[in-house]
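Notes for the structure review
Listed below are the residues making up each chain.
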Amino acid sequence: YTRGTVTAFSPFDARADAEALRKAMKGMGTDEETILKILTSRNNSQRQEIASAFKTLFGRDLVDDLKSELTGKFETLMVSLMRPTYIFDAHALKHAIKGAGTNEKVLTEILASRTPAEVQNIKQVYQQEYEANLEDKITGETSGHFQRLLVVLLQANRDPDGRVDDALVEQDAQVLFRAGELKWGTDEEKFITILGTRSVSHLRRVFDKYMTISGFQIEETIDRETSGDLEKLLLAVVKCIRSVPAYFAETLYYSMKGAGTDDDTLIRVMVSRSEIDLLDIRQEFRKNFAKSLHHMIQKDTSGDYRKALLLLCGGDDE
């Protein structure tokens, strides 16, 4: 069961695809159309089979060839599609915490939205691929309450969904109310513990109860009471508890809204959600922004990059 726009292609022939890709890149000029059509219509595990057939047939590395033949955002998108699914998040995090300055946006997006099982997987892959401990790397590059919440999320110990206890819902909502609205200064620890460890179904009820008690949405309180990276992370966690597809619809919308496009975010979300829930994201996008994701990509991008993104998007919801 998947709500992705990209599924296994059938009938699939890895050798034929590898040959078509080689032909598209051989000699003078590059046939970008063939490349984007093949890579956006095969799922990730099929793309890995194509890469393997490519090496067997031609003794060449498909990703290296793509990098030497393509340029710009289109190249970034095609290379991202070729990254094995299980490595994708670990790689994004690795690049978010290396060198000068940390990309907090990437840390926030990935750690707020992934399931506990996915976070455990990311930590293992990170250790295997980069021979480093992800938690150590992140704590080395972040600080304060922002760092604490990231560490809580990295533990991947969120309570599993089960029967919700009304008394505990009431208690958590009261604690959050007292830690935020009723307090001079904010008790961030309480927000971090409750939002980072309680189950999704429990927290959805806490948010409703919070609204009843305080007259505010929890997002409004977080917005007023916190700031900077912590605020963005708390809001991302709350939004993902409410609805992961709605969170990504909003992320995509703001990556394209206004002047300039945040292409890194656009590519990362389109690729990483294409086999998971992009259909749901499209639905939420249409509902919340009164236009389709397809339409916005169409208006905001161009060339082969646009063609490939629209194929990944998979359809219009006008």
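Let us look at the structure shown here. For clarity, every value in this text was computed on a predicted model and none was experimentally measured.

Another aspect to go through is the overall build of the chain. The number of helices and strands found in the chain is 20 helices and zero strands. Taking 20 Å as the expected radius of gyration for a compact globule of 318 residues, we find that the chain reaches 21 Å, a close match to that expectation. With the C-alpha coordinates aligned to their principal axes, the bounding extent of the chain is approximately 70 × 45 × 40 Å. Burial analysis of the chain (318 residues in total) assigns 48% to the buried set. Residue pairs at least 24 apart in sequence account for 72% of intrachain contacts in the chain once pairs closer than 6 positions are excluded. Just so you have it, the chain exposes about 15,000 Å², and 47% of that area is on carbon and sulfur atoms. Across the chain, the mean location of the 43 positive side-chain charges is 2 Å away from that of the 51 negative side-chain charges.

So, on to the packing of aromatic side chains. Following the criterion strictly, the structure yields eight aromatic pairs and no others. Aromatic pair tyrosine 253 and tyrosine 254: ring centres 5.1 Å apart, planes at 85°, arrangement edge-to-face. Here a set of aromatic residues connected by ring pairs shows up, and it is made of Tyr253, Tyr254, Phe285 and Phe289. The cationic tip of arginine 22 hangs over the ring face of phenylalanine 58; the distance from NZ or CZ to the ring centre is 5.9 Å.

The final tally for this structure, using the stated rule, is 20 salt bridges. Salt-bridge contacts for arginine 198 lead to aspartate 172; the nearest nitrogen and oxygen are separated by 2.6 Å. Of this pair, arginine 198 sits in the loop between helix H12 (188-197) and helix H13 (200-214) while aspartate 172 sits in helix H11 (residues 166-179), and the two are 26 residues apart along the sequence. Per residue, the accessibility class of arginine 198 equals that of aspartate 172, and both read buried. Linked through salt bridges whose partners overlap, the residues forming this network are Glu33, Lys37, Asp304 and Lys307.

Reading guide: rules and limits
- Numbering of residues starts from 1 in each chain and follows the order in which that chain's sequence is written.
- Reporting in this predicted model follows two pLDDT cut-offs: at least 70 for local features of residues, and 80 or more for side-chain atom pairs to be given and counted; totals over whole chains, interfaces and linings ignore these cut-offs and use all residues.
- To obtain the side-chain values, all non-hydrogen atoms of the structure were included, while hydrogens and water were left out.
- Working definition: helices are DSSP H or I runs of at least four residues, strands are E runs of at least two. Numbering for both runs from the N terminus.
- The globule rule used here is 2.2 Å times the number of residues to the 0.38 power, and the radius of gyration it is set against is calculated over C-alpha atoms.
- Using a 1.4 Å probe on the protein chains alone, a residue whose accessible area is under 20% of its type maximum counts as buried, one over 50% counts as exposed, and one in between counts as partly exposed.
- Whether two residues are in contact is decided by their heavy atoms, any of which lying within 4.5 Å being enough.
- For the accessible areas, the method is Shrake-Rupley and the probe is 1.4 Å, while residue cover comes only from the protein chains on display.
- Lys and Arg are tallied as positive, Asp and Glu as negative. Neither His nor the chain termini are counted.
- For the purpose of locating charges, the reference atoms are NZ of Lys, CZ of Arg, CG of Asp and CD of Glu.
- Aromatic pairing here means that ring centres of Phe, Tyr or Trp (its six-membered ring) are within 6.5 Å. Orientation follows from the plane angle: under 30 degrees is stacked, over 60 is edge-to-face, and everything else is tilted.
- Sitting over a ring, as applied to charges here, requires NZ of Lys or CZ of Arg to be within 6 Å of the ring centre and within 35 degrees of the ring normal.
- Definition used for salt bridges: Asp or Glu carboxyl oxygen within 4 Å of a side-chain nitrogen of Lys or Arg.

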